[in-house]
Amino acid sequence: APPAWAPLPGAAREIDTVARLFAPGRRTVVTGREATESQLAAADRSGDLRQHRYLLIAAHGRLDAANPMASAVVLGADAAADGYVTAAEWPGYHLDSELVVLSACETGLGKVVGGEGITGLPFALFAAGNRGTAMTLWQVDDDSSVRLVAGLFGELRRGASPAAALAAAKRALWRDPATRHPFFWAAMVLYGR
């Protein structure tokens, strides 16, 4: 049996906060028991997944340092899928996104391969058609993660590039004495453009 994953109370707040930044007809929100690997695959098959400029996935991440292509985003499981969307599986998806934000712990880690750069989730999402990925390098605090991701999407909505949006969101946390320490804002990095 797969391990039990602890609830992520900040994930629901994060998704709700970001969803409110976009008009109802311009967003798709999938949460709770509906956020399964099978649902993601169905959105891919229907072509809906490639219609999104930005994707936010607030979930657990599983790092496999020995085999980076087994690193995964953890969604819900059902009879058709185990819930682990691995780096080996992502290239089979069809994205046309400017930015995927993986708001999960340690999703940005991978293995440096000579001549290829970092393998794992960043490379896999690029192979799927995504141009930029914001990911975390270590376990993150729920409250500061909500603020960071909401700030990032707020800047994107105002027209900032992904790099400028992430930098502005980080600076906002840095300016607050309660979240000034890099632990609260430095974990998220941008791969791609």
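Calculation notes
- Residues numbered from 1 in each chain as written.
- Predicted model: local features only at pLDDT ≥ 70, side-chain atom pairs only at ≥ 80, totals over all residues.
- Heavy atoms only, no water.
- Core = buried A, V, L, I, M, F, W, Y, C linked by side-chain atoms within 4.5 Å.
- Buried < 20%, exposed > 50% of the residue type's maximum accessible area, 1.4 Å probe, protein only.
- Helix = DSSP H or I, 4+ residues; strand = E, 2+ residues; numbered from the N terminus.
- Pairing = 2+ DSSP bridges.
- Axes fitted to C-alpha atoms, helices over the stretch in contact; angles between N-to-C directions.
- Parallel < 35°, antiparallel > 145°, perpendicular 65-115°, else oblique.
- Left-handed = near helix turned anticlockwise from the far one by under 90°.
- Contact = heavy atoms within 4.5 Å.
- Nonpolar A, V, L, I, M, F, W, Y, C, P; charged D, E, K, R; others polar.
- Polar contact = N/O pair within 3.5 Å; in protein donor to acceptor, adjacent residues only side chain to side chain.
- Arc of directions from axis to C-beta.

Colleague: Residue-level account of the nonpolar core, with values.
Modeller: Among the nonpolar cores identified, the biggest contains 21 residues, and Val73, Trp90, Tyr93 and Leu102 are the most heavily contacted of them. For this core, the secondary-structure elements that each account for two or more residues are helix H2 (37-46), strand S1 (54-58), strand S5 (99-103) and helix H3 (121-127). Core analysis: the second largest hydrophobic core is formed by 19 residues, Tyr54, Ala134, Trp185 and Met188 among them.

Colleague: Pulling in residues and values, what's your account of the sheet that holds strand S4 (residues 84-86)?
Modeller: Spatial strand order, S2-S3-S4: three strands in an open sheet with antiparallel pairing. Each end of this open sheet is capped by a strand with a single partner; those strands are strand S2 (60-62) and S4. Averaged over all pairs of adjacent strands, the angle between strand axes in this sheet comes to 25 degrees, irrespective of strand direction. In the sheet, strand S3 (residues 72-74) pairs with S4 via three bridges, with the strands oriented antiparallel. The partner of Ala72 across the bridge, within S4, is Thr86.

Colleague: Give a detailed account of the packing of helix H1 (residues 9-19) against helix H4 (residues 142-157), specifying residues and quantitative values.
Modeller: Across the interface, H1 lies against H4 with an axial gap of 9 Å and an inter-helix angle of 20 degrees. By the angle between their axes, H1 is roughly parallel relative to H4. The element H1 and its partner H4 pack so that their crossing is right-handed. Every residue of H4 that contacts H1 at Pro9, Gly10, Arg13, Glu14, Thr17 and Val18 is listed here: Asp142, Asp143, Ser145, Val146, Val149, Ala150 and Phe153. Looking at the contact of H1 with H4 residue by residue, the class counts come to six nonpolar, three polar and four charged.

Colleague: Could you give an account of the environment of Ala178, naming the residues involved and the relevant values?
Modeller: The topology assignment puts Ala178 in the loop between helix H5 (162-175) and strand S9 (188-192). Taking the C-alpha atoms as reference, Ala178 lies 9.6 Å from Ser144; in sequence the two are 34 residues apart.

Colleague: Summarise the environment of Gly10; cite the residues concerned and give the values.
Modeller: Within the element layout of this structure, Gly10 appears in helix H1. Look past the residues within four positions of Gly10 in its chain and what remains in contact with it is Asp142 and Val146.

Colleague: Any details on the side chain of Thr36? Residues and values, ideally.
Modeller: Tracing the chain through its elements places Thr36 in the loop between H1 and H2. When its relative accessible area of 11% is taken as the criterion, Thr36 is described as buried. Polar side-chain contacts of Thr36 include one of 2.9 Å to the backbone nitrogen of Gln39. Setting aside its immediate chain neighbours within four residues, Thr36 contacts Leu75, Gly76 and Asp78.

Colleague: Break down H1 for me, citing the residues and quoting the values.
Modeller: Residues of H1 that are buried: Gly10, Ala11, Glu14, Ile15, Val18 and Ala19. Mapping the buried residues of H1 onto a view down its axis gives an arc of 160 degrees, with all of them on the same face. Facing away from the buried side of H1 by over 90 degrees, the exposed positions are Pro9 and Ala12. Elements in contact with the buried residues of H1: S1, S5 and H4.

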